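# A look at the structure
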Amino acid sequence: DPVTLRYLPNHGGLAAFELAAELGYYDAAGITLENLGYATGGPETLIALAGGSADIGSAATPAVLNAIAGGNDFVAVFPTNGINDSAQSIFYVRDDSPIRTIADLPGHTIAVNTLGAHLDYVVREALHQKGLPEDAANLVVVPGPQLDQVLRAGQVDVSAFGYWQTTFEGAARQKGGLRAVFDDTDVLGEIAGGFAVLRRDWIDAHPAEARAFVDGATKALDYARSHPAETKAIFARVLQERGENPEVAQYFAGYGVREGGLATTRDVQFWIDILTREGKIAPGKIAAADILYQSAEAPAPATN
Amino acid sequence: MAPIAPPSSPAGTDLPPTLAASRGEVSVQELYKSFTLNRAALAVLRGLSLTVAGGESLAIVGPSGCGKTTLLRVLAGLETPDRGRVLIDGHPVAGVGRERAIIYQEPRLLPWASVLDNVAFGLEVRGTPRAEARDRARHYLRLVGLQAFETALPRQLSGGMAQRVGIARALTVQPEILLLDEPLAALDAMTKLTVQEELARIWAEERMTMILVTHDLEEAIYLADRVLVLSRETETPPRLLEVPLPRPRDRNAPGFVALRRDLMRSFGLQ
Amino acid sequence: MAPIAPPSSPAGTDLPPTLAASRGEVSVQELYKSFTLNRAALAVLRGLSLTVAGGESLAIVGPSGCGKTTLLRVLAGLETPDRGRVLIDGHPVAGVGRERAIIYQEPRLLPWASVLDNVAFGLEVRGTPRAEARDRARHYLRLVGLQAFETALPRQLSGGMAQRVGIARALTVQPEILLLDEPLAALDAMTKLTVQEELARIWAEERMTMILVTHDLEEAIYLADRVLVLSRETETPPRLLEVPLPRPRDRNAPGFVALRRDLMRSFGLQ
Amino acid sequence: MAFQGLEISVPPIETPARPLPPLSGANLRRGVEAGARVLSRYGLLLGFLALWQIAASAGWLNPSVFPPLDRIAATLWQGIVSGALLDDIAISLQRAGIAFAASVAVGVPLGLAMGQMPVVERALDPILQLFRQTSALALYPVFILLLGLGETSKIFVIFWASLFPILLATIGGVQQVDGKLLEMARSFGAGRLTLFARVILPAAVPAIFVGLRLSGTTALLLLIAAEMIGANKGLGFQVMNAQFNFRTDLMFAAIFLLAFLGLALNAALVAAQARFCRWSEPR
Amino acid sequence: MAFQGLEISVPPIETPARPLPPLSGANLRRGVEAGARVLSRYGLLLGFLALWQIAASAGWLNPSVFPPLDRIAATLWQGIVSGALLDDIAISLQRAGIAFAASVAVGVPLGLAMGQMPVVERALDPILQLFRQTSALALYPVFILLLGLGETSKIFVIFWASLFPILLATIGGVQQVDGKLLEMARSFGAGRLTLFARVILPAAVPAIFVGLRLSGTTALLLLIAAEMIGANKGLGFQVMNAQFNFRTDLMFAAIFLLAFLGLALNAALVAAQARFCRWSEPR
Ligand SMILES: Nc1ncnc2c1ncn2[C@@H]1O[C@H](COP(=O)(O)OP(=O)(O)OP(=O)(O)O)[C@@H](O)[C@H]1O
Ligand SMILES: Nc1ncnc2c1ncn2[C@@H]1O[C@H](COP(=O)(O)OP(=O)(O)OP(=O)(O)O)[C@@H](O)[C@H]1O
Ligand SMILES: [Mg+2]
Ligand SMILES: [Mg+2]
C-alpha cells in the first residue's frame, strides 16, 4: 500500500533513506517521504517519533538506547552512519600546535558536539589505550558551525569534527592551517554511529513497507559507497532545492557504513556495555538482538 | 450608656413632620477605633454612640487629627471599627453601600477621565445608562459652576475646581446618606457661599441624611440641625449641640451670630 | 504701564525701616499665562505687573480657578509665563531657586519617608548635615503641633496634619521668599489661629518676603501688608489693597473688622 | 483701605499666548534643528554601524563572522526582491503574532485578576512561578510530544516565553494602582468588573505597556528557538540555517530583519501607549 | 443652644483596641486554618504534580519523555548525594549570579538615567532597542569571537538577555514617578543626584522589583542557552546534554533544579521588596 513517512532532515546532508527516495528505490513500494522541517539534533526526532508526529527517527546510538531503555518500543532499522576508512571523526589542531599524538592530549581542551556520546568515548578510549587517565583532557561542547572558529581563535586546543559533521570538517580543511592528529577509527575500528529508528507498532502494521524502506535505504548506502561523485551531485541538487548551500555537498565523505548496510551486534553492544557500566541503564535490560530490525526473511545481524 | 436619640422635637426648625419616618437613619453604637502608631495604640474613636435621624443634617467639628475623617470612613463602611457597630435604618452595615455617597477630603478624581466622566462615574458604576448619567452629571456640574470645564482633565483644574468636581460626583448619585469631609475647605469665600446655599437647597429638596465634617463653624451652623464636637484629648467627651434656627437661615440673624459666638468661645476662640 | 511699586510708605505698619533694603524683592513684569483647554486658550494671567518689597507680606485672594496657584507657580519658577518676567532682587528668575520655598496646595509628602524625614527633606537636599536638619525639623514640627508624630508615615496622618507637615517643611529651610498656597485651608479654626500666629511671629522675626494665597479674608488681613485681589472675569482688572493696621494685629480691633467687612462687600458677600 | 487700581497695569487688549511670529530664516533653522535632533537620537546607532562596516572591511574583525554591512545589506535586498525572505517574514510574523496575541489575551486578564484578587493570586502563583522558571527551550521536547511538530508547538513555545513578562508586569501594575481611587470607586458601588474596566485597567496601562514591549521582543526572539526544530521556513530558521551553511551574511540579514520587526513593534506599542495615556502629565 | 453631653456615652476606662482574648480550641483552629491556607496556595501545584505522577506511571503519557516524578526525584537525589549535580549547581549559580549582578548594576542606574534624562534616553534608546531585539542565541558566534569560549562569553550571553527586562522596567518605573513629588523636590533645590536618591529611586522601587524578578528568571533560563556552547558543567549544560542523550529523567531533574533556584530567587526578591516597600499601604 502507498505510505507516507514523515521525518526531520538534517542541515547540510541527506540521510540514506532520502537518497533512496531520490534514486527512486521507493517508487515501486509506494513509499513517499514527507519533510517536516529540520532537526538540529537526533533526540528531537526520537521524541517526535515517540509522540507520533514523525515516523522516522534518527539519532546516535546511545540516545537510541536511552530512549528504548526509557520505555519506547523502537526498532533500530539500519545504521545511518558510522566510521570506516573513508568516513571518520577527525581531531584537528592548529598547524603550530605542540600536540602531535594522543599522548599529548592531557591537559588540553577538546571541542566536541556532545558529551556522553561518540566523541566523548573516543577520547576516553584513546587515553585509556595509552595508559592515561580517561578524564585527562578537558572536553567542552561546541556546536558544529563554530568548531573551526573556536580552534583557530585559540579558544580550544583540539576540535573534534564528528564523522557526521563532514561539511564543517571539509570547510575547515579547505581553509588550511589545520593538522589532523588522529581519528576515531584509530581507536574504535569500524563501528556504526547512529541508527534510523521506527516504531515497532508501525513495523508490525506495515511489515512489507518496513522491509522495502530498509532495503531501499541499505541499497542507497551501497550506492553512495560505489558512486561517490553521483551521490555528491544528488546532494548538491537537493540542497539547492531546499535552499541550502549546495557547496557543502563536496565535503560528503560517505556514510561510513559497511557493505550491505547491515548492523553488527558490536555496533550496539559497545554502547550497551558503556551505559550499563555507568549505571545509566540497568544490566540486562536491553539486548542488542531485541532492538535491531529483523524480519522473517532477513538474516540475523552479523557479528564481528 | 444611653445612646443619643434623634432630636426629640425638631423644635424651631422647618423640617417637614414626615422626617422622622424617612429613610437614612444612621445609628452608631459604642464605636471604638484605634490605630497603631510607633507600636503604641492611638485611640481615635472612644466608645462613641449617636443616632442621626433619617433626613437630618449633622455637622462634625473638632481639631485636626481628632478622628472626624475616621468616623466618616467608618460610617461609609471603608474602615472597620475595633468594637461597636453602625446601623443604617436598623441594619448593621458591613462595607460600602449604595445608599451612601462620600465626598472625600481630597478630590480623588480619575486622572484619565474628563470632568464630566468623573462626575458621571458614580451613576455609571451603578448602572445608569451613559446618556442619562451624563445629563444628570451636567446638571450638578452647572450647580458647582464648572459647566465650562466638562471636557477638561483633572490635572487641568485648580484645587478648588477639583474639589467641586468631587462634590458634584457625590451629589449626582442622589444618595440617601451623604457623607462630606470638608468639601468646601479649598473654596474661596464667594464660591463657598454659593455651594453652601446649593447644599442647603438640595438637602431641603431631597431630604437625604447629611453628615458634614467641617472646620467652618459658620458653615456648620448654616447647614446642620445638630453639631457634633469631637476633641483630641482623651479626657474630653464628645459634645452634641443643637441648632434651633429656622430655615432658610440668615447668617446675620442675631440667633445665628450668637450661636456662632458661643461655639467659637467653647473652642477657646476670641 | 506703570508697574506697581512697593508700598511707597509702609504707613501705619510696624515694619522696621530697614525693610526696603532687605533682600527678597519680587518684581513681576507684565506676566501673561494661558492654558489650552478644549483647543481654546484660557487666559489666566493677563499682563500682571507687581512689585513686592523684600520682607513684605502679600496676600492673594480671588475666586476658585482665577489663577492664584498659577501665579504662585510662576513666582516659584515651576511654570514659565507666556510673556513677561519675574525679577528677584533685580535678577530675572529662570526655574526654581533656593531663596524661595513653596507650600503647595496639597501636601506633597514623600510617602516612604517619616514625618520627620519629610520635614527635614528640604534642608537635607540643600546639603545641611542630617543631624542638624533633623534638629531644625523637630523645632518646626513642634511649632505645628506634630512633635508626637515624628516617626509616623504620611498615610497615617489626617488631612490637616499632612498639610501642617508641608508647612513645617517649607519653614524649616528659612527661605528669603516664602510662597504659600492656601496652607491653612484644611485646618480647624483653633489650629488655624495658632499657625497664623506662628506665621506672623516667624515673619516678623525672619523678615522673609511672604506671598500667601488664601481664601480666608480674615487671614489675609491678619497676615498681609497688602492684599492682591484677582478675578476670573477677563474684564475685571486685579486690584491691590493696602492693610494699614499696626502689628501685632487684633482681629477684634474696629479697623480690622471694618477692613474685613469692606473686603467682603467688595466680593459681593453679606 | 484703598484699592490701588492705578498701580496695576492691565493691558488694553487681551491677546495672550499667541505664538511668537516666525523669524526670517526659520525654515533653515528648523532644518538644522531637525538634523541635530536626528543626530542626537541616532548618532550612536550610526556610529556603531559605521564602526562595524570599517572593522569588517579593514579586516580588524574576522569577516567570516562579521561580514561587512554592505554585504549583509546586499543579501537582505536580494532576499527581499527575490521574494525568498518574504515567505520567511510572513510565516514568522504569523507565528510570533499568534503567540503574542495569545499571551496578551491570557496575560493581561490573568494579571488583572491576579493583581486584584488575592485568592486567585494565591492559588495560581506557585504553579505559574514554577512554569515561569522553566525554559521554553528545555521544554521544547515536551511540547513536541504533547502538541506535535506543527505550528502548534512552535506557537506554544513562543507563547510560553512571552506570557510571563506581560503577566508579571500587569500584576505589578495592578498592585500599584492608587488605593484611594479604588476605595473611591468601591464606595460608589463599583463591582469587580466596573472596578477593572474603569479604574484598574486605565491605571495599569503604563505598566501593561512595559509588559507588552517586553513580551513582543520575547516573542520575536523566541522565533529562533521555535524554528530550530521541525521548520524549514521562517526568519528564526534562516538564522540557524545560515549558520549551518556558512552564510553569515544571510544570518545577519535575518537577524537584522528580526530586529527591524522588533523595532517596528516596539515603535507601534510606544505610539499606542502615547495615545492611551494622553491624559497623563507631559513631562 | 444646648450641649447634650448626657446623651453621649463615653466609656469609663480607655482601653481600646485590645485584641480579643484567645478562644478555647484556638490552636486547633489555627492549625486547620494554616492547612487550608497551604492548600489554597499550593493545591494547584500539588494537583499538577500528582497528575503528572499518575499520568506517567499509568502510561497515559509516554514515560520516556515524561518520566514519573519518583524517577526524577531519585535521579535528582542521587545526583546531589553523589555530588555530581552540586558542581553543576555551583558553576551555574556563579554564572547566573555574576551576570544577574552585572545586569542589575548596569540596568538600574542606566534605567534611572534614561528614565529621567531625555537626552540620555534619546541617545541610547535606538541602539539599545536594536540590541534588545537581537537574540543572544543568534549572536552566540559573535560573542565567542569577541569574548572567547570561557566564562566571559557565557556570562555575557546571560547578562545581555537579563539586562533588558530590568532596564525597561526601571525606565518605566521612573517615568511613572509622581510628577508632583519631583516638582516638590526640585523646588526645594534638589540636584539630579538627590532627586535620584530621595525621590526617583524609592518611588521606582516596586517597578524595579518587577524588573529584577523578570531578569532573575531570565538569567537562570539563559543558562541553558549559555551552557549550550563551550561548557561541560552546569545545570543548563545538563539539560541539553541529557536531552542529546535522551536522559529525560536527568533533564527534568536539572530543569527542576533550575526552577527551584528560580523560585528561591523570586521568593528572596519578593521578601526584599516587602521590606523595601513597607511604607506602602497594605491592601
Ligand atoms: N491609617 C492610619 N494609620 C495610623 N494612624 C492613622 C491612620 N489614619 C488616621 N490615623 C490617625 O488617626 C487620627 C485621626 O485621623 P483623622 O483623619 O480621622 O483626623 P481628622 O479629624 O479627619 O483630622 P483633619 O481635620 O486634620 O482631617 C490622627 O491622629 C491620625 O494620625
Ligand atoms: N495644566 C493646566 N492645563 C490647563 N489648564 C490649567 C492648568 N493649570 C491650571 N489651569 C487652569 O487655569 C485656571 C487657574 O488655575 P489655578 O490653579 O491657578 O487656580 P487657583 O486660583 O489656584 O484656584 P483654586 O483656588 O481653586 O486653587 C483654572 O481655570 C484651571 O483650569
Ligand atoms: Mg480629616
Ligand atoms: Mg489653587
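The name given to chain B in an unreviewed UniProt entry is ABC transporter, ATP-binding protein, with the source organism recorded as Rhodobacter capsulatus. Under the heading Sequence similarities (unreviewed entry), UniProt records this for chain B: "Belongs to the ABC transporter superfamily."

## Some words on the site of ligand 1
Lining the immediate environment of ligand 1, one finds 21 residues, of which T69(B), T70(B), Q156(C), S158(C) and G160(C) sit closest. Taken together, the residues near ligand 1 originate from chains B and C. Note that an oxygen atom of ligand 1 is positioned 2.8 Å from one of the side-chain N or O atoms of Q105(B). A distance of 2.6 Å is found between an oxygen atom of ligand 1 and a side-chain nitrogen or oxygen belonging to S158(C). The protein chains hide 91% of the 640 Å² of surface that ligand 1 would expose on its own. Residue assignment for the shell around ligand 1 shows that the elements contributing at least two residues are β2 (40–52) and α1 (68–76) of chain B together with α4 (159–172) of chain C.

## Focus: the interface of chain D and chain E
Contact residues are listed per partner, giving 62 residues for chain D and 61 residues for chain E. The contact between chain D and chain E buries some 5600 Å² in all, and 71% of this surface belongs to carbon and sulfur atoms. Linking chain D with chain E are zero salt bridges, by the criterion used here. Where the side of chain D that touches chain E is concerned, the elements lending two or more residues are α1 (26–58), α4 (118–132), α5 (136–147), α6 (151–175), α7 (179–187), α8 (192–226), α9 (235–244) and α10 (248–276) of chain D. Of the residues assigned to the side of chain D that touches chain E, the class counts are 42 nonpolar, 14 polar and six charged.

## So, unusual backbone geometry
A cis amide bond, omega -5 degrees, links R247(B) with the succeeding residue P248(B). Mapped onto the fold, P248(B) is located in the loop between β10 (239–242) and α7 (254–266). In this structure, D89(B) takes a positive phi of about 50 degrees despite not being glycine. Inspection of the secondary structure puts D89(B) in the loop between β4 (83–88) and β5 (91–92). Judged by its relative accessible area of 25%, D89(B) falls in the partly exposed class. Of note, the phi angle at E30(C) is positive, near 50 degrees, even though the residue is not glycine. Inspection of the secondary structure puts E30(C) in strand β1 (residues 26–37).

## Quick word on the pairing of strand β10 (residues 191–199) of chain A
Residues and elements named next belong to chain A. Burial analysis of β10 places nine of its nine residues in the buried class, the great majority of the element. Two strands pair when backbone bridges link them, and strand β3 (residues 57–60) and β10 are joined in this way by four bridges, in the antiparallel orientation. Within β10, the position partnered with A60 by the bridge is G194. Bridging between strand β4 (residues 74–83) and β10 involves eight bridges; their strand directions are antiparallel. By the bridge assignment, A76 is partnered in β10 with V197.

What counts and how
Residues numbered from 1 in each chain as written. Chains lettered and ligands numbered in written order. Predicted model: local features only at pLDDT ≥ 70, side-chain atom pairs only at ≥ 80, totals over all residues. Heavy atoms only, no water. UniProt positions renumbered as here; feature names shortened; annotations may be inferred. Near = heavy atom within 4 Å. Polar contact = N/O pair within 3.5 Å; in protein donor to acceptor, adjacent residues only side chain to side chain. Areas by Shrake-Rupley, 256 points an atom, 1.4 Å probe, with all protein chains shown as cover. Helix = DSSP H or I, 4+ residues; strand = E, 2+ residues; numbered from the N terminus. Contact = heavy atoms within 4.5 Å. Buried area = accessible area lost by both parts, 1.4 Å probe. Salt bridge = Lys/Arg side-chain N within 4 Å of Asp/Glu carboxyl O. Nonpolar A, V, L, I, M, F, W, Y, C, P; charged D, E, K, R; others polar. Buried < 20%, exposed > 50% of the residue type's maximum accessible area, 1.4 Å probe, protein only. Pairing = 2+ DSSP bridges.

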